[in-house]
Amino acid sequence: CSHFNNYIVLVIGLSCSRIIACNLGYNLGMDKFLDDLFAKRGSVREGALSSIIEGFTANHRLQFAEKNFATLLYRFLNSLKKGSSNEIVLASRALGLLSITIGCGDNARELYNESLPLISQALKSKTESLLLSVIECLAIATFVGANDSEQTEASMKIIWHFIQASSSENVVVKKRSSSVMSAAISAWSLLLTTVDGWNLSHTYWQGAISCFLNQLEVDDRSVSLAAGEAIALICEVGCLDKFTSNIKIDEINSNDKGKNTTDQDFSVQELREIISNHATKLLQQTSLQSAATKAVNGWSNFSHNILKVLEDGCFDENVLKIGKHSLQLNSLSQLLQVDFIKRYLGRGFVPHMLENEFLHDVFNFTPNKQMSGDKLYISEREEV
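Position numbers for residues count from 1 along each chain, tracking the sequence in the order it is written. It should be noted that, the model being predicted, local features are given only for residues of pLDDT at least 70 and side-chain atom pairs only at 80 or more, the latter also being counted only at that level, while totals for whole chains, interfaces and linings use all residues. No hydrogens and no water enter the side-chain calculation; it runs on all heavy atoms of the structure.

**Some details on unusual backbone geometry**
Its identity is not glycine, yet Asn364 carries a phi of approximately 50°, on the positive side. You can call Asn364 exposed: its relative accessible area is 67%. Working definition: with a 1.4 Å probe on protein chains only, accessible area under 20% of the residue-type maximum means buried, over 50% means exposed, and in between means partly exposed.

Below you can see the structure in the form of structure tokens.
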């Protein structure tokens, strides 16, 4: 029996040694990629960015990110500012992953403040892959690093101007794809989940409901779904009057044809019912039109949750399996947050959810694991 126990200890010791050696080797590789970020050739920098993205996605590399934060941040920003379109795509992706990895704190705030002007400039591009990457980067950097509702709304305004421009009659802007529009609406919604409705500006978002109602009628499932999410989220957040100014009720209520009355003549409850009824009708039509592909990308589940919030003002609790653990979602806000993070991290979602203290804090998620001697990261985030 003692020989058997010794054998087990030996096997475990060898396994741990291999794991340590493997991690050490990969960390040395990450240091090499860090050096390559200073290369003059763009192709070398792009290769380094791709490898760093792979490393940050596959595992929660907090120690590497904290140790090399300044170098990583300012080399990413340099690529974002001076690189080719492909390098900008990679740099913005790397920035978002760096933000999620380090979590709330001074570093995340620095990343947010330093990247905001460059991201705003990059949104003037016409390249779809670049736009998708910088929109998601802006959303993640703000979600993690914004210090207060004022900073969050500053990012929301940048995205909102982009959405409005994409919804305009400008022929050049109209060429933007539906994937870019749906990504922008989803990014705006993600940031709205972090702001208390009472702290929202009374002037920034007037006309938002009209814009999203129009997007509900777009002949693209991803755009109409994102618009439906935004409207349902606005109803859940409350303060509907901050989003509905100057809506022409005759434009959204078939029973009031010819009526030139604006939302100023209705109570908030009446407005909610009018908007909810109209959005529900459009979502049901879209759902029927997409019946053959309802299961794709979770359309069926999401449309059910959206309709539930719009029709009843309540949310059916959802449980998401993460490995052997379960995450309970109690609001549409939480569902939209976890869906955005899940799509952003891709295959890295599970390892990050199991190891990333920032995500544990955001979702009130505590996976069962052995406590190590490492100091746990304590997030400064106040809201979910």
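Let us keep going from here.
**Notes on helix H12 (residues 221-237)**
Helix and strand definitions here come from DSSP, where helices need a minimum of 4 consecutive H or I residues and strands a minimum of 2 consecutive E residues; each element is numbered from the N-terminal end. By definition here, a helix of n residues has an expected span of 1.5 Å times n minus one. For H12, built from 17 residues, the straight-helix expectation of 24 Å at 1.5 Å per residue is met to within 8% by its first-to-last C-alpha distance of 24 Å. The buried fraction of H12 amounts to 13 of the 17 residues, a majority that puts the element mostly inside the structure. Just downstream of H12 lies Gly238, where phi reads positive at about 95°.

**Brief notes about the pattern of salt bridges**
For salt bridges, the criterion is a side-chain nitrogen of Lys or Arg within 4 Å of an Asp or Glu carboxyl oxygen. Under the defined criterion, the tally for this structure stands at five salt bridges. For the salt bridge of Glu54 with Arg347, the shortest nitrogen-to-oxygen distance reads 2.2 Å. Linking Glu54 in helix H2 (residues 42-58) with Arg347 in the loop between helix H16 (332-345) and helix H17 (349-355), this pair joins segments that are 293 residues apart in sequence. The class of Glu54 is partly exposed, set by a relative accessible area of 38%. For Asp106, the salt bridge goes to Arg109, with nearest N and O atoms at 2.6 Å. In this pair, Asp106 and Arg109 are both assigned in helix H6 (residues 106-122), three residues apart and thus about one turn of the helix distant.

**Quick notes on empty space enclosed by the protein**
Whether a set of points on the 1 Å grid over the protein atoms alone is a cavity depends on a 1.4 Å probe fitting there but being unable to get out, while an open set qualifies as a pocket with protein on both sides within 12 Å along at least five of seven lines; lining residues are those with an atom within 4 Å of a point. Grid points are joined across faces, edges and corners, and a volume is the space filled by probe spheres set on the points. All told, the structure shown has one cavity of 30 Å³ or more when counted by the stated rule. There is about 60 Å³ of room inside the largest cavity. Lining the largest cavity, in full, are Ser186, Ser189, Leu190, Glu229, Leu336, Asp339, Phe340 and Arg343. At the level of secondary structure, the elements contributing two or more residues to the lining of the largest cavity comprise helix H10 (178-192) and H16. A total of four residues in the lining of the largest cavity trace back to one element, the largest contributor, which is H16. Here the nonpolar group is Ala, Val, Leu, Ile, Met, Phe, Trp, Tyr, Cys and Pro; Asp, Glu, Lys and Arg are the charged ones; every other residue, Gly included, is treated as polar. Residues belonging to the lining of the largest cavity are distributed by class as follows: three nonpolar, two polar and three charged.

Coordinates in, geometry out; function isn't part of it.
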